[in-house]
Amino acid sequence: MAVNSNKLVLLTFAICRLIVTVGVTVVPELLDVGLEGRLSVDTRELEAVSVDFGRLTRGGASEVVHPATAEDVARVVKAAFESPFAVSARGHGHSINGQALIEGKKGVVIEMGRGGGGGDGDGGARVCEKGMYVDVWGGELWIEVLSTTLEYGLAPMSWTDYLYLSVGGTLSNAGISGQTFNHGPQISNVYELDVVTGKGELLTCSEDRNSELFHAVLGGLGQFGIITRARIALEPAPHRVRWIRVLYSNFATFCKDQEYLISLHGKPPSQRFDYVEGFVIVDEGLINNWRSSFFSPSNPVKIRSLNADGGVLYCLEITKNYNQGNADSVGEEIQALLKKLDFIATSVFTTDLPYVDFLDRVHKAELKLRSKGLWDVPHPWLNLFVPKSRIADFDKGVFKGILGNKTSGPILIYPMNKNKWDHRSSVVTPEEDVFYLVAFLRSALDTEALEYLTNQNRQILGFCHDSEIKVKQYLPHYTKQLEWMDHFGDKWTQFSARKMQFDPRRILATGQQIFQFDPFPPPLTNTKDDM
């Protein structure tokens, strides 16, 4: 009898391994786990969760779950852990290379947004004025968080340029913008999280409680758990913003000034700007695009007339927040800071607007692009962290070399201070005190353009490799584990160990393609020497 039992066990194991090998994931038909929310197999919903903002790849999903509570999320993941099948959490679907999709095999997408009722059982965002924080559902959009906190005269300190992103989505990457030099990324402004691990456990974590999970999830690319609640730090919200752009024709001067401005982090507000970004202009058409609305079409800026170095201009973008109480002094504070910069004297462009309008500036451009049918197109974006010591080489080889004179979209460039990033998180950045974000935010309107831009991205990465510029991808995309190991470097051992601890069956965020989904995983590789 014991022999027959052993044969049955071995046969069952062999069948399960065969199922995995041939690429079939078993999802219980019409997943029945006692949801308070809603489950859907509607064709339109399945199609909607099979694509993302990048529109570069497609995923597969057999069911879509709209959770009402965090417990709903835990029920689904627990079922996936026991069955098992792949699970992906979807916020606003703004990933570029299918990171939020089900990779290859069928699985369940948990729609964390509120469009289908997600999170309603947990109520809306809850502000604690005394503690200066807000508790928010992981699928909440940052624009919704802002709307709630402004009712109390408060706002988060660190932002992304685009606010129609989910809290859980940006915290799974980092969340960066022009405030990062002073406040750090969004992941540096979180007090506490509720997370559903890959085992289906709903855990509260913070610096002092389940700290390993807390640091793993922040910047963890969705590999260790699904964020169902985040406690975000707040500050008094300013009323208005003075928004300034100035031009440079010399890259070294542009970098010198940007690096000076971010060195003022921690200074009193009167002695620094509140936001520091910049972008590259390699063709005059870009001047009037959605990132450059300051420049009037009736009075265009000609690159040739400004003696641009190598045919390239650089625009510094800075802001000063203020309230009615200090409106009279903000102009003097700005002038004192501008006097220390070496921009082209005739290129100062200034506007003044409410704080919320500045933060939501990209959405207005989105509406214009949607009206022209130019939003739901492929976006072969490439985001890189470039070490300060090699940014001049990058400029020469890429901005003045590979790009030519056409970009097909904005190119952002601005520096950040490494000491504002918590090394205990899962994010990797260059090993220098200052590093730059360079973001190629391009759109492809047809197949030919997509092929051209994709090839150009490969050229840029190839140039960095051949020139030994040790860049790190932000919103990274790789398809081989060896490439991921190179990306994480010394953090790989910790990253893979955390995966085994919190998601041992590798069911979460399979679209990242870091770990292959396997219900019976072998021991994880810990070192490059083991490959």
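Definitions and cut-offs
The residue count restarts for each chain, going from 1 along the sequence in the order it is written. Owing to the predicted nature of the model, reporting of local features is limited to residues with pLDDT of at least 70; listing and counting of side-chain atom pairs is limited to 80 or more, with chain, interface and lining totals taken over all residues. Each side-chain value is derived from all of the structure's non-hydrogen atoms; neither hydrogens nor water enter the calculation. The helix count covers DSSP runs of H or I at least four residues long, the strand count covers runs of E at least two residues long, and both are numbered beginning at the N terminus. Each residue is assigned to one of three classes by its accessible area relative to the maximum for its type, calculated with a 1.4 Å probe on protein chains only: buried under 20%, partly exposed between the two thresholds, exposed over 50%. Contact definition: two residues touch when any of their heavy atoms are within 4.5 Å. Reported accessibility uses the Shrake-Rupley method at a 1.4 Å probe radius. Residues are deemed covered only where the shown protein chains occlude them. What qualifies as a polar contact is a pair of N or O atoms within 3.5 Å, subject to a donor-acceptor requirement within protein and to the restriction that residues adjacent in sequence count only when both atoms come from side chains. Strands qualify as paired when DSSP identifies two bridges or more between them. Here, axes are lines fitted to C-alpha atoms. For helices the fit covers the stretch in contact, and angles between N-to-C directions go from 0 to 180 degrees. As used in this record, nonpolar core signifies buried Ala, Val, Leu, Ile, Met, Phe, Trp, Tyr and Cys residues forming a set joined through side-chain atoms within 4.5 Å. pLDDT is a residue-level measure of predictor confidence that goes from 0 to 100. For this analysis, a ring pair means two rings from Phe, Tyr or Trp (six-membered ring only for Trp) whose centres lie within 6.5 Å, classed as stacked if their planes differ by under 30 degrees, edge-to-face if by over 60, and tilted for the remaining angles. Criterion for a salt bridge: a side-chain nitrogen of Lys or Arg within 4 Å of a carboxyl oxygen of Asp or Glu.

A.B. asks: I'd like a rundown of the overall build of the chain, residues and numbers included.
C.D. replies: If you tally the helices and strands in the chain, you get 15 helices and 18 strands. Taken over 531 residues, the chain has a buried fraction of 56%. In the chain, the share of contacts with a sequence separation of at least 24, taken over all contacts with a separation of at least 6, comes to 76%. When the accessible area of the chain is evaluated, it comes to approximately 22400 Å², of which 51% is carbon and sulfur surface.

A.B. asks: Provide a residue-level description of the environment of Gly113, including the pertinent values.
C.D. replies: Topologically, Gly113 is positioned in the loop between strand 4 (107–111) and strand 5 (126–128). Distance in space between the C-alpha atoms of Gly113 and Arg90 is 7.5 Å, their sequence separation being 23 residues.

A.B. asks: Tell me about the side chain of Glu192, residues and numbers included.
C.D. replies: Counting through the fold element by element, Glu192 comes out in strand 8 (residues 190–197). Glu192 gets classed as buried once you look at its relative accessible area, which sits at 17%. Within the structure, Glu192 has its side chain in polar contact with the side chain of Arg229 (distance 2.6 Å). In contact with Glu192, not counting residues within four places along its chain, are Thr204, Cys205, Ser206, Phe214, Arg229, Ala230 and Arg231.

A.B. asks: Outline the sheet that holds strand 3 (residues 86–90), supporting the account with residue identities and numerical values.
C.D. replies: Here 4 strands make up an open sheet; going across it, the order is 1-2-4-3 and the pairing mixed. Both edges of this open sheet fall to strand 1 (38–40) and strand 3, since each of them pairs with a single strand only. Strand-to-strand, the axes of this sheet are offset by a mean angle of 20 degrees, without reference to chain direction. As judged from the 5 bridges shared by strand 3 and strand 4, these two strands associate in the parallel manner. What sits directly across from Ala89, in strand 4, is Ile110. Sheet contacts for helix 3 (residues 70–82): strand 2 (63–66), strand 3 and strand 4; angle to strand 4, the most-contacted strand, approximately 165 degrees.

A.B. asks: Help me get a handle on unusual backbone geometry, residues and values and all.
C.D. replies: Note on backbone geometry: most residues besides glycine have negative phi, and most peptide bonds are trans. In this structure, the amide linkage connecting Ser83 to the following residue, Pro84, adopts the cis form with an omega of -10 degrees. Position of Pro84 relative to the elements: it lies in the loop between helix 3 and strand 3. Unlike most non-glycine residues, Asn210 shows phi in positive territory, near 50 degrees. Residue classification places Asn210 among the partly exposed positions, given a relative accessible area of 39%. At Leu475, a residue that is not glycine, the phi angle is positive and equals roughly 55 degrees. Looking at where Leu475 falls in the secondary structure, it is placed in the loop between strand 18 (472–473) and helix 14 (481–488). Classification of Leu475 as partly exposed rests on a relative accessible area of 28%.

A.B. asks: Can you explain the environment of Lys406? Please cite residues and give values.
C.D. replies: Relative to the assigned elements, Lys406 resides in the loop between helix 12 (391–402) and strand 16 (411–417). Since its relative accessible area comes to 56%, Lys406 is described here as exposed. Between the C-alpha atom of Lys406 and that of Asp283, which follows or precedes it by 123 residues, the distance is 5.8 Å.

A.B. asks: Lay out the nonpolar core in plain terms, naming residues and giving numbers.
C.D. replies: Counting 75 residues, the largest nonpolar core has Leu171, Ile176 and Leu193 as its most contacted members. Other than its neighbours up to four places away in sequence, Leu171 contacts Gln186, Ile187, Val190, Leu193, Val217, Leu218, Gly219, Ile227, Ala230 and Ile232. Formed by 45 residues, the second largest nonpolar core is a distinct cluster that contains Val246, Phe254, Tyr314 and Val434.

A.B. asks: So what's going on with the pairing of strand 16? Which residues, and what values?
C.D. replies: In terms of burial, strand 16 is largely enclosed, as 7 of its 7 residues are buried. Of the two faces of strand 16, both are covered, the one formed by Ile411, Ile413, Pro415 and Asn417 as well as the one formed by Leu412, Tyr414 and Met416.

A.B. asks: Could you give an account of the confidence of the model for the chain, with specific residues and numbers?
C.D. replies: Keep in mind that low pLDDT regions are not for reading the predicted coordinates in detail. Averaged over all residues, the pLDDT of the chain is 88; the fraction at 70 or higher stands at 85%. Scored below 50 in pLDDT, residues 1–25 shows 17 contacts in the model against residues more than four places distant or in partner chains. The low-confidence segment residues 115–122, where pLDDT is below 50, has 20 contacts with residues more than four positions distant or belonging to other chains.

A.B. asks: With reference to specific residues and values, describe the packing of aromatic side chains.
C.D. replies: Applying the stated criterion to the full structure yields 28 aromatic pairs. On the basis of an interplanar angle of 35 degrees and a centroid distance of 5.9 Å, the ring pair of Tyr162 and Tyr164 is categorised as tilted. Where Phe488 meets Trp492, the ring centres are 6.1 Å apart and the plane angle is 40 degrees; that geometry is what we call tilted. For Phe488, a relative accessible area of 4% gives the class buried. Three or more aromatic residues joined by ring pairs form one cluster here, namely Tyr248, Phe251, Phe254, Tyr314, Phe343, Phe394, Phe399 and Phe440.

A.B. asks: Provide a residue-level description of helix 11 (residues 361–371), including the pertinent values.
C.D. replies: Quick reminder: α-helices carry 3.6 residues per turn. Residues three or four places apart thus point the same way. Listed in full, the buried residues belonging to helix 11 are Arg361, Val362, His363, Ala365 and Glu366. Residues of helix 11 that are buried sit in contact with strand 11 (240–248), strand 12 (275–281) and helix 10 (355–359).

A.B. asks: Before we move on, could you go through helix 4 (residues 142–150) and cite the residues and values that matter?
C.D. replies: Every buried residue belonging to helix 4 is among Trp142, Ile143, Val145, Leu146, Thr148 and Thr149, and all of these are buried. On its buried face, helix 4 sits against strand 5, strand 6 (133–137), strand 7 (154–156), helix 5 (167–171), strand 10 (225–236) and helix 10.

A.B. asks: Before we move on, can you summarise the environment of Ile402 with the specific residues and values?
C.D. replies: On the secondary structure map, Ile402 appears in helix 12. For Ile402 and Asn457, which are 55 residues apart along the polypeptide, the C-alpha to C-alpha distance reads 9.5 Å. Beyond its immediate sequence surroundings of up to four residues, Ile402 is in contact with Gly397, Gln456, Gln459, Ile460 and Phe463.

A.B. asks: Give me the pattern of salt bridges: which residues, what numbers.
C.D. replies: Proximity of charged atoms lets side chains of opposite charge pair with each other. Under the counting rule described, the total for this entry stands at 30 salt bridges. Here Glu207 ties to Arg424 by a salt bridge, and the two come within 3.0 Å at their closest N and O atoms. Here Glu207 is found in the loop between strand 9 (202–206) and helix 7 (211–217), whereas its partner Arg424 is found in the loop between strand 16 and strand 17 (434–440), with 217 residues between them in sequence. By relative accessible area, which is 37% here, Glu207 ends up partly exposed. A salt bridge links Arg390 to Asp393; the nearest nitrogen and oxygen atoms lie 2.7 Å apart.

A.B. asks: So, the side chain of Gln99: which residues are in play, and what are the values?
C.D. replies: With respect to the secondary-structure elements, Gln99 resides in the loop between strand 3 and strand 4. Engagement of the side chain of Gln99 in a polar contact is seen with the backbone nitrogen of Ile96, the distance being 3.4 Å. A distance of 3.4 Å separates a polar atom in the side chain of Gln99 from the backbone oxygen of Pro476. Residue contacts for Gln99: discarding those within four places in its chain leaves Asp52, Leu475, Pro476, His477, Gly511 and Gln512.

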